[in-house]
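Structural overview for review
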Amino acid sequence: MTSSRNIVILTGAGISAESGLATFRAEDGLWEEHRVEDVATPEAFARDPVLVQRFYDMRRSAVLAAQPNAAHRALARLDREWPGDLLIVTQNIDDLHERAGATRVLHMHGEALSAWCMACDARHPWREPLGDNPPCPACGMAALRPDIVWFGEMPYQMERILAAVTRADLFVSIGTSGAVYPAAGFVQAATEARAGTLELNLDRSLGSRLFDETRLGPASALVPAWVE
Ligand code: BV8
C-alpha cells in the first residue's frame, strides 16, 4: 500500500461480476433484444415505462440476492483503516460496497434500491418492484421511477467527485470498461492533477493506455492483494 494521502477509487460492474451481477459488456449490453443504451434512457422510459420498470425490477431483485465478494470486503477494510481522504465513486447501482461495510461511497449513477418520485421529487429507499406503479409514500402519486442516472442524464454529485479527483494523490479504477463518460474521463483529470493512476481489471479497457499501471485479473484477487 503506497503512502498516498488522498485516494479516489472508481468502481464499475466488474467489481460485482464475481457476486453474480451481470456486467454491461459481457452480454454486449443486450437485454431481451434491447441495448442497455436503449433501455436506460428517459426516452425509453417515456416510450415504454413498463419495459424499463421491468428491467430495473429484474436488476433490483438480482442486487438483493447478491452478496459482497472479497474485492468489496477489501475496499471496506481500506475505507475503515485509511487515515487520509478516501472516496469510493461507484458507477454500480448495487449496494455491495455498503453491505461489505464501506461508508465513504458515492453512487454517481444512482441506486437500484432507491425510488424517485417525478411528482414531488422525494427519494425513498425501495426494495419492491416498481412495475405495478405503487404510490409515492410522500405525495401518494403513482409517479415513482428508478433512482438511476440514464444515458443523457447528469450523473450525481459531479462537483464533489471532481473536487476529490483533483485533490487525489492516487486514483484507482476497478472493474470498468471505460466506455461511458464522464466517469471514463476521471483518469485524465487525476493525471492532470499529478495523481498516480492504477487500473485493476479483468481485461484491458478503453482507457488502459491512460494509466501509470494496469494489473489484469479478477477483482477478487487483485483488490485484496493491492489493499494489503
Ligand atoms: C451525460 C446506470 C450529459 C444505469 C449507467 C449521446 C447522447 C447523450 C449522451 C451521450 C451521447 N454520446 C455520449 C454521451 C455521453 C454518455 C456516454 O458516455 N455514452 C457512451 C455509450 C458513449 N454518457 C451519459 O449519457 C452520461 N450523462 O453525459 O450527461 C449531461 C450534461 C448536462 C446536463 C445533462 C446531461 C450518463 C451515463 C450514465 C448511464 N448510466 N448506469 C444502469 O446501471 O442500468 S452507465 C453503465 O455503463 C455503468 O454505470 C457504467 O458507467 C457504464 C459502463 O459500465 P461498466 O461499469 O464499465 O461495465 P462494463 O460491462 O462496460 O465493463 C465491465 C468491466 O469489468 C470490463 O472492462 C471487464 O473486463 C471487467 N470485468 C469483468 N469481470 C471482472 C472484471 N474486472 C475485474 N474482475 C472481474 N471479475
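Residues numbered from 1 in each chain as written. Predicted model: local features only at pLDDT ≥ 70, side-chain atom pairs only at ≥ 80, totals over all residues. Heavy atoms only, no water.

So, the overall build of the chain
Filter applied, for reference: Every helix listed is a DSSP run of H or I at least four residues long, and every strand listed is a run of E at least two residues long, numbered separately from the N terminus. Values of the radius of gyration come from C-alpha atoms, whereas the globule rule sets the reference at 2.2 Å times the count of residues to the power 0.38. For every residue, the accessible area (1.4 Å probe, protein chains only) is compared with the maximum for its type, and the residue is labelled buried under 20%, exposed over 50%, or partly exposed between those bounds. Residues are treated as being in contact if the distance between any of their heavy atoms lies within 4.5 Å.
Assigned secondary structure in the chain consists of eight helices and eleven strands. Here the chain has a C-alpha radius of gyration of 18 Å; the compact-globule value for 228 residues is 17 Å, and the two agree. Within the chain, the fraction of its 228 residues that count as buried is 53%. At a minimum sequence separation of 6, the contacts of the chain that also span at least 24 residues come to 64%.

Description of the sheet that holds strand 8 (residues 144–148)
Put simply, the test is: Strand pairing follows a simple DSSP-based rule, namely that at least 2 bridges must link the two strands. Orientation is described by axes fitted as lines to C-alpha atoms, over the contacting stretch for helices, and by angles from 0 to 180 degrees between their N-to-C directions.
Strand order in the open sheet formed by three strands is 7-6-8, and the pairing between neighbours is antiparallel. With one partner strand each, in any of the chains shown, strand 7 (123–125) and strand 8 form the two edges of the open sheet. Going from strand to strand, the sheet's axes swing by 40 degrees on average, the running direction of each strand aside. Direction of pairing for strand 6 (residues 110–117) relative to strand 8: antiparallel, over a ladder of four bridges. Bridged to A115 within strand 8 is P146.

Examining the nonpolar core
Note the following rule: Buried residues of nine kinds, namely Ala, Val, Leu, Ile, Met, Phe, Trp, Tyr and Cys, make up a nonpolar core once their side-chain atoms join them within 4.5 Å.
Counting residues in hydrophobic clusters, the biggest one holds 24 residues, and the most contacted among them are I9, L75, V172, I174, L200, V223 and W226. Non-local contacts of V223, meaning those with residues more than four positions away in its chain, are made with A71, A74, L75, I174 and L200. By size, the runner-up hydrophobic cluster in this structure holds 19 residues, among which are M158, A183, A189 and F211.

Observations regarding the UniProt feature "binding site: Zn(2+)" (unreviewed entry) in the chain
As a reminder, the rule being used: UniProt positions are given in the numbering used here, feature names are shortened, and annotations may be inferred rather than shown by experiment.
Under the UniProt annotation, the feature "binding site: Zn(2+)" (unreviewed entry) is placed at C117, C120, C136 and C139. The named residues occupy 23 residues along the chain; their greatest pairwise C-alpha distance, 8.6 Å, places them in one compact cluster. As for its position among the elements, C117 is in strand 6. The exposure class of C117 is buried, given its relative accessible area of 1%. With sequence-adjacent residues up to four places away left out, C117 is seen in contact with A122, C136, C139, A143 and L144. Inspection of the secondary structure puts C139 in the loop between strand 7 and strand 8. What C139 contacts, discounting residues up to four positions off in sequence, is C117, A119 and C120.

Structural notes on the pairing of strand 1 (residues 7–11)
A regular strand carries its side chains on alternate faces of the sheet. Of all five residues in strand 1, five are buried, a share of seventy percent or more. Side chains I7, I9 and T11 project from strand 1 onto one buried face, and the interleaved V8 and L10 project onto a second face that is buried too. The pairing of strand 1 with strand 4 (residues 86–90) spans five bridges and is parallel. By the bridge assignment, I7 is partnered in strand 4 with L86. As judged from the five bridges shared by strand 1 and strand 9 (residues 170–174), these two strands associate in the parallel manner. Its bridge partner being in strand 9, I9 is matched across the sheet by V172.

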